[in-house]
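Below, each chain spelled out in residue letters.
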Amino acid sequence: MARVVWHVPVTVTGRTTALRLFRLRDGRRCAVGFATAEALTALLGPDQAFTELGEPALRALTAPLGVDALVVDPRLVAPPVTAGRAPAPAARLQPR
């Protein structure tokens, strides 16, 4: 039986490599894996670093963080948040 390996996005800072976690629509954190490097690059861009992990290893790394959700081959991600950009002010209701 072939071993399934996923391409998992990571953040690399100096000698430190950390898994990149994402959020589901309900706000829960999740880990993400891609079947191919091309799928990861198509969604997250060519500069996204990644490592190859099997499901047991990915779950073992995320469980101590309280992350139990795993998304394989997501198709949509939200645009990155721009640092320093304030949210638009809420509209005020005017009394009648």
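Everything below is about the structure shown above.
What you see is a predicted model; the values in this text were computed from it and never measured.

### Some words on the sheet that holds strand β6 (residues 69–72)
Here's step 1: A sheet is described by the order of its strands in space; here three strands give the open sequence β3-β4-β6, paired in mixed fashion. Each edge of the sheet is formed by a strand with only one pairing partner; in this case those strands are β3 (22–23) and β6.
Here's step 2: Pairing geometry for β3 and strand β4 (residues 29–33), over two bridges, is antiparallel. Its bridge partner lying in β4, Phe-22 is registered against Cys-30.

### A look at unusual backbone geometry
Here's step 1: The backbone of Asp-73 shows a phi angle near 50 degrees, a positive value even though the residue is not glycine.
Here's step 2: One can find Asp-73 in the segment after β6.

### Some remarks on the nonpolar core
Here's step 1: Core analysis: the largest hydrophobic core is formed by six residues, namely Phe-22, Cys-30, Val-32, Phe-34, Leu-40 and Ala-69.
Here's step 2: Beyond its immediate stretch of four places on either side in the chain, Ala-69 contacts Leu-24, Arg-28, Arg-29, Cys-30 and Ala-31.
Here's step 3: Among the nonpolar cores identified, the runner-up in size contains five residues, and Val-8, Ala-31, Leu-53 and Leu-58 belong to it.

### Things to note about the sheet that holds strand β1 (residues 6–13)
Here's step 1: Pairing is antiparallel in the open sheet, where three strands are placed in the order β2-β1-β5. Both outer strands of the open sheet, β2 (16–19) and β5 (50–53), are each paired with one neighbouring strand and no more. Here the average twist between neighbouring strands, direction ignored, is 45 degrees.
Here's step 2: One ladder, built from four bridges, connects β1 with β2; its direction is antiparallel. Bridge assignment links Thr-13 to a residue of β2, and that residue is Thr-16.
Here's step 3: Of the strands in this sheet, β1 and β5 are in contact with helix α1 (residues 37–44), which crosses β1 at around 55 degrees.

### With respect to the pairing of β4
Consecutive side chains of a regular strand alternate in pointing toward one face of the sheet and then the other.
Here's step 1: Where burial is concerned, most of β4 is hidden: four out of the five residues are buried.
Here's step 2: Where β4 meets β6, four bridges bridge the pair, whose relative direction is parallel. Each residue of the ladder has a partner; that of Ala-31, found in β6, is Leu-70.

Rules used in this analysis
- Residues numbered from 1 in each chain as written.
- Predicted model: local features only at pLDDT ≥ 70, side-chain atom pairs only at ≥ 80, totals over all residues.
- Heavy atoms only, no water.
- Pairing = 2+ DSSP bridges.
- Helix = DSSP H or I, 4+ residues; strand = E, 2+ residues; numbered from the N terminus.
- Core = buried A, V, L, I, M, F, W, Y, C linked by side-chain atoms within 4.5 Å.
- Buried < 20%, exposed > 50% of the residue type's maximum accessible area, 1.4 Å probe, protein only.
- Contact = heavy atoms within 4.5 Å.
- Axes fitted to C-alpha atoms, helices over the stretch in contact; angles between N-to-C directions.

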